[in-house]
Amino acid sequence: MHVVAQISDMHIRPEGQRAFRDVDTARYLTRAVEHLAGLDPRPAAVLATGDLVESGTVEEYRRLRRLLAPLPMPVYLVPGNHDSRDALRAVFADHGYLPPRGFVQYVVDDGPLRLVGLDTSVPGHARGRLCPERLKWVDERLREAPDRPTLVFMHHPPFLTGIAAMDALGLDEAEAFGAVVARHPQVEAVICGHLHRPIHLRWRGTVVTTAPGPAHQVALDLRPAGGLALVLEPPAVLLHVWRPGVGLVTHTSYIGDFGPPHVVSPPGAPEA
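Below or above, wherever it landed, is the structure these notes cover. The structure presented is a predicted model; accordingly, all values stated were derived computationally and were not measured. For every chain, the first residue of its written sequence is number 1, and the numbers climb from 1 along that sequence. Where totals are concerned, whole chains, interfaces and linings use all residues; where local detail is concerned, this predicted model gives features only for residues with pLDDT of at least 70, and gives and counts side-chain atom pairs only at 80 or more. Hydrogens and water molecules were not included; the side-chain quantities draw on all heavy atoms of the structure.

## Concerning the overall build of the chain
Argument step 1. Numbered from the N terminus, helices here are DSSP runs of H or I no shorter than four residues, and strands are runs of E no shorter than two. The secondary structure content of the chain amounts to six helices and 15 strands.
Argument step 2. To get the radius of gyration, use the C-alpha atoms; to get the globule rule, take the number of residues to the power 0.38 and multiply by 2.2 Å. Relative to the compact-globule value of 19 Å for 272 residues, the chain shows a C-alpha radius of gyration of 18 Å, a close match.
Argument step 3. Principal-axis analysis of the C-alpha atoms places the extent of the chain at approximately 55 × 50 × 45 Å.
Argument step 4. Relative accessibility decides the category of a residue: with a 1.4 Å probe and only protein chains considered, values under 20% of the type maximum give buried, values over 50% give exposed, and everything between is partly exposed. With 272 residues in all, the chain has 56% of them scored as buried.
Argument step 5. Here, residues are in contact when the closest pair of their heavy atoms is within 4.5 Å. Within the chain, counting contacts between residues at least 6 apart in sequence, those at least 24 apart form 67% of the total.
Argument step 6. Using a 1.4 Å probe, the Shrake-Rupley method yields the accessible areas, and only the shown protein chains count as cover for residues. Working note: accessible area of the chain is about 12,600 Å², and carbon and sulfur atoms make up 54% of it.
Argument step 7. When charges are counted, Lys and Arg contribute as positive and Asp and Glu as negative, whereas His and the chain ends are disregarded. Where a charge lies is defined by one atom per residue type: Lys uses NZ, Arg uses CZ, Asp uses CG and Glu uses CD. A distance of 2 Å separates the average location of the 27 positive side-chain charges in the chain from that of its 30 negative side-chain charges.

Shown next, in the form of structure tokens:
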């Protein structure tokens, strides 16, 4: 069994500041890091799918780095619409997987599940984009290993969710990206952030999943003209579990103290 965790949309602010006036995102991230570090089995890696900080400043990335430091496993970062490629690279310069220039996208190829990180960010814009250059890059990377089960991770989801205010901030070239994915059946899933909600869709021969936030969530408003609001529903991360012969199974792991488990049958006990 191979477990990869996903955390998204941390929106870290400078010391002493909160996101969206009221949300202490650093405190919530501290809880999420403790949660991830305490999991059994421990994830092999953590994928951080964008909006890592709020304003893309070096100060924010330095604080993010301090908050992530207790994690004992590798952390792989891709940018979202709140991020800055240059500041991210400057602060995490020792993360050898980060390319020195251009789009922040790369392949991690040292586990049973191949990881392909994509950069959907457009400086100065909330919408995402996969331009011809990025589409060509991901197509080439997928063609390199057609027999390796692969997980693609990025910030903007390539589908309309029904949450109108967030769909307006979606991904350009989503259909072109879908055509690329459809050519590569080894893609077990495409996992994204941006939505601050766990959402799932069967799409182009695979599954697309968006992650909840480790702090605030986007309110679920499915009205055609619905607005954008935040809600402090329970924070969570996703756990993507790969097993040969089974494939990829995704679990939502909620962060918080919900009391001890009520044991129905202890481990190893025969079924009733």
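## Some remarks on the sheet that holds strand 9 (residues 187–192)
Strands in a sheet are paired, the pairing made by backbone hydrogen bonds, and the direction either parallel or antiparallel.
Argument step 1. If you trace the six strands from one edge of the open sheet to the other, you get 4-5-7-9-11-10, paired in mixed fashion. Sheet topology places strand 4 (106–108) and strand 10 (199–203) at the edges, where each strand pairs with a single neighbour. Looking at each pair of strands side by side, their axes are set apart by 20 degrees on average, direction ignored.
Argument step 2. When strand 4 meets strand 5 (residues 114–117), the two strands line up antiparallel, connected through three bridges. Bridge pairing in strand 5 places Val-107 opposite Val-116.
Argument step 3. A fitted line through C-alpha atoms represents every axis, and for helices the fit uses only the stretch in contact; the resulting angles, taken between N-to-C directions, go from 0 to 180 degrees. Each of strand 4, strand 5, strand 7 (150–153) and strand 9 touches helix 4 (residues 132–144); the most contacted strand, strand 5, lies at about 170 degrees to it.
Argument step 4. Contacts from helix 6 (residues 174–182) reach strand 7, strand 9, strand 10 and strand 11 (206–210) within the one sheet, and its direction differs from that of strand 10 by about 65 degrees. Note on pairing: two strands pair once DSSP finds at least 2 bridges between them.

## Things to note about helix 2 (residues 58–68)
A turn of α-helix holds 3.6 residues, and therefore any two residues three or four places apart point the same way.
Argument step 1. When we look at burial in helix 2, the residues that qualify are Glu-60, Tyr-61, Arg-63, Leu-64, Leu-67 and Leu-68. Taken around the axis of helix 2, the buried residues stretch over an arc of 160 degrees, which confines them to a single face. Of the exposed residues in helix 2, those oriented more than 90 degrees away from the buried face are Arg-62 and Arg-66.
Argument step 2. Where the residues of helix 2 are buried, they touch helix 1 (25–37), strand 3 (75–78) and helix 3 (85–91). Summarising the geometry, the arc corresponds to the directions from the helix axis toward the C-beta atoms.

## What about the pairing of strand 14 (residues 236–243)?
Argument step 1. Counted residue by residue, strand 14 has seven buried out of eight residues, so it is predominantly covered.
Argument step 2. The pairing of strand 1 (residues 2–7) with strand 14 spans five bridges and is classified as antiparallel. Across the sheet, residue Gln-6 finds its bridge partner in strand 14, namely Leu-238.
Argument step 3. Of the pairings in the sheet, the one linking strand 14 to strand 15 (residues 247–254) comprises eight bridges and is antiparallel in character.

## Thoughts on the pattern of salt bridges
Argument step 1. Salt bridge, as used here, is a side-chain nitrogen of Lys or Arg placed within 4 Å of a carboxyl oxygen of Asp or Glu. Scanning all chains against the criterion turns up 20 salt bridges.
Argument step 2. Here Arg-13 makes a salt bridge to Glu-60, at a shortest N to O gap of 3.7 Å. Taken as a pair, Arg-13 in the loop between strand 1 and helix 1 and Glu-60 in helix 2 lie far apart in primary sequence, 47 residues in all. In this pair, the class of Arg-13 matches that of Glu-60, namely buried.
Argument step 3. Between Arg-89 and Asp-86 there is a salt bridge, and its shortest N-O distance comes to 3.9 Å. With a gap of three residues between them, Arg-89 and Asp-86 both fall in helix 3, about one helical turn apart.

## So, the side chain of Glu-54
Argument step 1. Along the polypeptide, Glu-54 turns up in the loop between strand 2 (45–49) and helix 2.
Argument step 2. No salt bridge is formed by the buried Glu-54, whose closest oppositely charged neighbour, Arg-13, lies at an N-O distance of 5.6 Å.
Argument step 3. As used in this structure description, the phrase polar contact means that two N or O atoms lie within 3.5 Å; if the pair is within protein, one of them must be able to donate a hydrogen and the other to accept it, and residues adjacent in sequence are counted only when both atoms belong to side chains. Engagement of the side chain of Glu-54 in a polar contact is seen with the side chain of His-11, the distance being 2.7 Å.
Argument step 4. Residues in contact with Glu-54, not counting those within four places in the same chain, are His-11, Ile-12, Arg-13, Phe-20, Glu-60 and His-82.

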